[in-house]
Amino acid sequence: MNEHLLDIIEHENEHSCLDFKKSQYVKGNHKELLKDVIAMANAISTGNKYIVIGIKHLPDGNRDIYPIEDFIDSSTYQQLIQENIEPELHIKYEPYQHEKGLIGIIDISDCNNPPYLLKKDFDSLKKGDCFIRKGSHQTKISRSDLDKIYELRNKKSKFSGAINIGFANANYAQEITLPISSLGGLPSQVETDKIREILETREKSGVLIDYDLDHLLLTARSSLGYKYKNTESLRESLANIKEIYTKDDQYEIIEIRSSRLNFEILNNADEYIQDAVIRLEIPKNDDCYMVAKKIPSKFVNDSYAIKSNDYYPKIEFDENKILISQSIKNIKHQMVTKIFGSDIRLTAIKIPENGIIPIDFKLFAKNLPSPIYKKLTIRISNS
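Only a predicted model underlies this, so the values are computations on that prediction, with no experimental measurement involved.

**Quick word on the overall build of the protein**
- The helix and strand tally for the protein stands at 8 helices and 24 strands.
- Looking at the protein as a whole, 42% of its 383 residues are labelled buried.
- In the protein, 73% of the contacts between residues at least 6 apart in sequence involve partners at least 24 apart.
- For the protein, the exposed surface amounts to about 21300 Å²; the carbon and sulfur share of it is 48%.

Structure representation (structure tokens):
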């Protein structure tokens, strides 16, 4: 069982977000389920609300367990809620194996659009009936309750805190400078030079080797084996050297010679930024710089060791732009949040027009009244 839920069941008393029921809601008392769920969803508090079934909460704080024998399918309760309560409200009803027997928990989450009420007559309940849970008690909703609900909704829907956004490890700077990376001396070029040197030596000496001892080598890619290759094999390797060392060159350019790029957010408010999505747009300019779509693999011991890209951001390319995105469930308040779990690899090979790479930074979130936009700048330098 989830440790958090176990603590609730074992130690917490009934309150606005927690109710205990001895038995499941069967067909004859479905109206009680509707009343309880409406009241719980309208409770003026944040977080999930729980109805724990199969437990009787005693006045002295102890609990009696009444194990459930025939567990009712969650879809029965979900359909009942969807057909009779508005606005839309989602619940889960799941079994939990307590040490004393099977119990059930109704989890009422995302109650972010109260007040909830009955949308049609049901049994003795009437369309528009609305209830609220206060402490361990349930009552019909009042005007003052509605005032509090709307006040809380307005507060949740508006984010008034200041946010610092900028480049990581740069005190939220809006501009940083990155160096140009040379593309000379890549693995393919190094191996080309080695092969050419051997071929030139053979041509000068007039001795062109026609035997081949590749089968004695651990790897035919190893430059240690070039002197054992026959001349024709060397010429063939030279013709295909770019293809042979494509991944090695990519690893060198992207992983070794690139600059690392990341961003930080400091949420100065007293609440989370909820369901945040970060989107960056960078002009596409293949002549001047490259942004890696993923972290490349490296050739080690005759095979390519695959690098994990689990935390690398989603990067897409269109005709004119590089689009980078990352979802962050919540950005905690009074804490620095690094946006990307793995730094973006950016390799500059030439100074672009005006010497800069402009970045459009956009932050979207559920509780932001409008998206936050920032203009950030990367300056490319020869030094």
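**So, helix α2 (residues 30-42)**
- Spanning 13 residues, α2 covers 18 Å between terminal C-alpha atoms, matching the ideal 18 Å at 1.5 Å per step.
- Most of α2 is tucked away, with 10 of its 13 residues classed as buried.
- Of the residues making up α2, those classed as buried are H30, L33, L34, D36, V37, I38, A39, M40, A41 and N42.

**Brief notes about the nonpolar core**
- Judged by nonpolar contacts, the single largest core of 39 residues is most densely connected at F263, L346, F361, L363 and I378.
- Ranked by residue count, the leading element in this core is strand β15 (residues 273-283), at 5 residues.
- Counting residues in each nonpolar core, the second largest holds 26 residues, with A39, I91, Y116 and L125 among its members.

**Some points on the packing of aromatic side chains**
- With the rule as written, the count across this model stands at 6 aromatic pairs.
- Between the aromatic rings of Y25 and Y77, the centroid separation amounts to 6.2 Å while the plane-to-plane angle is 85°, which identifies the pairing as edge-to-face. Of the two residues, Y25 is situated in the loop between β1 (18-21) and α2 and Y77 in helix α3 (residues 74-84); the sequence distance between them amounts to 52 residues.
- Take Y25: its relative accessible area is 2%, and that puts it in the buried class.
- Classification of Y77 as buried rests on a relative accessible area of 0%.
- Relative to F340, the ring of F263 has its centre 6.2 Å away and its plane inclined at 80°; by these criteria the two rings are edge-to-face. With F263 in strand β14 (residues 263-267) and F340 in the loop between β21 (336-338) and β22 (344-348), this residue pair connects regions lying 77 residues apart in the sequence.

**Description of a negative patch on the surface**
- Side chains of D7, E10, E12 and E99 sit close together on the surface and give a patch of like negative charge.
- Structurally, E12 can be placed in the loop between α1 (3-11) and β1.
- By relative accessible area, which is 31% here, E12 ends up partly exposed.

**As for the packing of helix α5 (residues 187-205) against helix α6 (residues 231-239)**
- Across the interface, α5 lies against α6 with an axial gap of 10 Å and an inter-helix angle of 145°. Of the two possible hands of crossing, α5 and α6 adopt the one that is left-handed. Judged by residue contacts, T192, I195, R196, I198, L199, R202 and E203 of α5 engage T231, L234, R235, S237 and L238 from α6.
- Grouping the amino acids of the contact of α5 with α6 by side-chain chemistry returns 5 nonpolar, 3 polar and 4 charged.

**A closer look at the sheet that holds β21**
- The 3 strands lie next to each other as β11-β14-β21, forming an open sheet whose pairing is antiparallel. Two strands in the sheet have a free side with no partner beyond their single neighbour: β11 (163-167) and β21. For this sheet, the mean inter-axis angle between neighbouring strands, taken without regard to orientation, is 20°.

What counts and what doesn't
Residue positions are given per chain, counting from 1 as you read along its sequence in written order. Where totals are concerned, whole chains, interfaces and linings use all residues; where local detail is concerned, this predicted model gives features only for residues with pLDDT of at least 70, and gives and counts side-chain atom pairs only at 80 or more. The side-chain quantities take in all heavy atoms of the structure and omit both hydrogens and water. Under the scheme used here, helices are H or I runs from DSSP no shorter than 4 residues and strands are E runs no shorter than 2 residues, and both carry numbers assigned from the N terminus. Only protein chains enter the calculation, and the probe is 1.4 Å; a residue is then buried if its accessible area is under 20% of its type maximum, exposed if over 50%, and partly exposed in between. Between two residues, a contact is recorded if the distance between any of their heavy atoms is within 4.5 Å. Methods summary: accessible areas were calculated by the Shrake-Rupley approach with a probe of 1.4 Å, and residue burial reflects only the protein chains presented. One less than the number of residues in a helix, times 1.5 Å, gives the span that helix is expected to have. What makes a nonpolar core is a set of buried Ala, Val, Leu, Ile, Met, Phe, Trp, Tyr and Cys residues whose side-chain atoms join them at distances within 4.5 Å. Note on aromatic pairs: the rings of Phe, Tyr and Trp (six-membered ring only in Trp) are paired at centre separations within 6.5 Å, and the planes decide the class, stacked below 30 degrees, edge-to-face beyond 60, tilted for the rest. Here, patches come from residues exposed beyond 30% relative accessible area and free of salt bridges, joined within 9 Å for like charges and within 5 Å for nonpolar side chains (Val, Leu, Ile, Met, Phe, Trp, Tyr). When a carboxyl oxygen of Asp or Glu lies within 4 Å of a side-chain nitrogen of Lys or Arg, that pair is called a salt bridge. Positive charges come from Lys and Arg alone, negative charges from Asp and Glu alone, with His and the N- and C-terminal ends not counted. Here the site of a charge means NZ on Lys, CZ on Arg, CG on Asp, or CD on Glu. Think of each axis as a best-fit line through the C-alpha atoms, taken over the contacting stretch in the case of a helix, with angles from 0 to 180 degrees between the N-to-C directions. The handedness criterion is simple: a crossing whose near helix is rotated anticlockwise from the far helix by less than a right angle is left-handed, and one whose near helix is rotated clockwise is right-handed. Throughout this entry, Asp, Glu, Lys and Arg are counted as charged residues, while Ala, Val, Leu, Ile, Met, Phe, Trp, Tyr, Cys and Pro are counted as nonpolar. The remaining residues, Gly among them, count as polar. Between any two strands, pairing holds if DSSP finds at least two bridges.

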